[in-house]
Amino acid sequence: MSPYRRGPAAVATLAVAAFALSACAGAGSAAGPAAPPSSGAEIGSVDLSSVCPSTVVIQTDWNPQAEQGGLFNLLGADAEIDASRKSVSGPLMSKGEWTGVNVEIRAGGPAIGFQGVPSQMYTDPDILLGWVNTDDAISASDALPTTAVMSTFEKAPWAIMWDPQTYPDVRTIADIGRTSTTVRYFDGTTYMDYLVGSGQLRADQLDGSYDGTPAGFVAADGKDAQQGFATVEPWVYENAIAEWGRPLSYQLVADTGYPIYAVALSVRTEDVTAKKDCLEKLVPVVQQASVDYFADPAAANDLLVRAVEAYDNGWVYPAAEAENSTTQQRELDLVANGADGVFGSFDADRVAKVQQIVSPILAERGVEVEQGLTPEDLATNEFLDAGISLP
């Protein structure tokens, strides 16, 4: 599970967990040839039918959110929501033209029993692409190796947030570390180990009991700080939680020197070679769909909001929150072109820096990392179209 993606309305009851496990057990990709759009459209300029599976299955790490907008933009008007499977599927489109295959976008988190995406990818071979953080890829590299093929976020949206009324002089996470403030977070979060190890926070001020709900933060009435998602919690706490109803301040963890690529679109490492013909054509389609989403997000946002309503698992996601998230992704430079000007690209030196930070943390936890692991094992620009970029 990627805990930072659990917003305030998330639930973790036994009933939900049991439902999620049963839903996961019955999941599987559709068999047979891809169905064309109901309009009867022919295959367009991008033909994936001879090189890709008839259904391209993409596993996300949480319920539908605007952070998945680029993926939902692959779907056209013929998209179908399957509430029982917690998935949305339909003809895979490229610039309004059918590619000859379908796409299925699966929810993560409660829908897969809060299992990690690499584990889910190796459990279900129908999954071609999954959302994997760089630090999670390093952690899973020995038993469940994955390679990222497109960066979703140039800057990870993780943040530590606090009440500016209570702490008017706090500007950074390091400032919080110089106070007695309790910092609530999901236990096991790797970046929190980094923040302590780098001296920005102290171990004695951490509280790993955060469960994704706002109750503890609200009850503390501004005395505590808490982890969050820059595109989610600040808006939710101010606009959707009446007991709070005021602005929050925060700093991105990425701005403290923890430069991971969050939820990068990834494949099982062996598929870099085994699925090469498919990835060469498919990845640029996803690149372009993501760029196009930010030019006109309305249809994709409407679809993901409707999917959340249909799934009805306790996650609440109003249209206004989706719109705010789309805006914040760009305004905060979370979604941006890579250092080379290409949307979705990776910087090998940056990946190597993440390895240098994360590997000692994992070693202290007793986690085995693949021997000789290189940045190129973890991420590749091989399948990107260098001509695709955000304006």
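Residues numbered from 1 in each chain as written. Predicted model: local features only at pLDDT ≥ 70, side-chain atom pairs only at ≥ 80, totals over all residues. Heavy atoms only, no water.

So, about the overall build of the protein. Secondary structure summary: the protein contains 14 helices and twelve strands in total. Relative to the compact-globule value of 21 Å for 391 residues, the protein shows a C-alpha radius of gyration of 20 Å, a close match. A sequence separation of at least 24 residues applies to 78% of the contacts in the protein between residues at least 6 apart. In the protein, 22 side chains carry a positive charge and 52 a negative one; their mean positions are 3 Å apart. (Helix = DSSP H or I, 4+ residues; strand = E, 2+ residues; numbered from the N terminus. Rg over C-alpha atoms; globule rule 2.2 N^0.38 Å. Contact = heavy atoms within 4.5 Å. Lys, Arg positive; Asp, Glu negative; His and termini not counted. Charge placed at Lys NZ, Arg CZ, Asp CG, Glu CD.)

Let us look at the sheet that holds strand β11 (residues 249-252). Strands sit in the order β9-β8-β10-β7-β11 across an open sheet of five strands; the sheet is mixed. Each of the sheet's edge strands pairs with one partner strand only, and the pair in question is β9 (206-207) and β11. Judged from the four bridges that link them, strand β7 (residues 158-162) and β11 form a sheet pairing that is antiparallel. Within the sheet, the bridge partner assigned to Met161 lies in β11 and is Tyr250. This element, helix α6 (residues 190-197), spans β7, β8 (183-184), β9 and β10 (225-229) of the sheet and lies at about 65° to β7. (Pairing = 2+ DSSP bridges. Axes fitted to C-alpha atoms, helices over the stretch in contact; angles between N-to-C directions.)

This brings us to the state of the cysteines. Counting across every chain of the model gives one disulfide. The disulfide partner of Cys52 is Cys278, and the gap between their sulfur atoms is 2.0 Å. The S-S bond linking Cys52 to Cys278 shows a torsion near 100°; that makes this disulfide right-handed. Here Cys278 lies in helix α10 (residues 276-295) and Cys52 lies in the loop between α1 (14-25) and β1 (55-59), a separation of 226 residues in the sequence. The pair formed by Cys52 and Cys278 is uniform in burial state, with each residue classed as buried. (Disulfide = S-S within 2.5 Å. Buried < 20%, exposed > 50% of the residue type's maximum accessible area, 1.4 Å probe, protein only.)

Turning next to the packing of helix α11 (residues 298-311) against helix α12 (residues 319-331). Direction vectors running N to C along α11 and α12 enclose 135°, while the axes themselves pass 10 Å from each other. Between α11 and α12, the crossing angle belongs to the class labelled oblique. Judged by the twist between their axes, the crossing of α11 over α12 is right-handed. Each of Asn301, Leu304 and Val305 in α11 lies in contact with α12, whose residues at this interface are Ala319, Ala322, Glu323 and Thr326. (Parallel < 35°, antiparallel > 145°, perpendicular 65-115°, else oblique. Left-handed = near helix turned anticlockwise from the far one by under 90°.)

A separate point is the pattern of salt bridges. Oppositely charged side chains are able to pair whenever their charged atoms sit close together. Under the definition given, this model contains 15 salt bridges. The partner of Glu154 in a salt bridge is Arg350, and the shortest N-O contact between them spans 3.1 Å. Of the two residues, Glu154 sits in the loop between β6 (146-150) and β7 while Arg350 sits in helix α13 (residues 348-365), which places them 196 residues apart along the sequence. Its salt-bridge partner being Arg202, residue Asp204 comes within 3.0 Å of it at the nearest N-O pair. (Salt bridge = Lys/Arg side-chain N within 4 Å of Asp/Glu carboxyl O.)

Let us now look at the pairing of β7. With five of its five residues buried, β7 lies for the most part within the structure. A two-sided burial pattern is seen for β7, the buried positions comprising Trp158, Ile160 and Trp162 on one face and Ala159 and Met161 on the other. Relative to β10, β7 runs antiparallel, the two being bridged by four bridges. Among the inter-strand pairings, Met161 is bridged to a residue of β10, identified as Gln226.

Time to look at the side chain of Ser266. Along the chain, Ser266 turns up in strand β12 (residues 264-268). Residue Ser266 is classed as buried on the basis of its relative accessible area, which comes to 2%. At 2.9 Å, the side chain of Ser266 forms a polar contact with the backbone oxygen of Ala264. If near-sequence neighbours (up to four positions away) are discounted, Ser266 is found in contact with Met121, Leu128, Leu129, Gly130, Val132, Thr146, Thr147, Ala148 and Val149. (Polar contact = N/O pair within 3.5 Å; in protein donor to acceptor, adjacent residues only side chain to side chain.)

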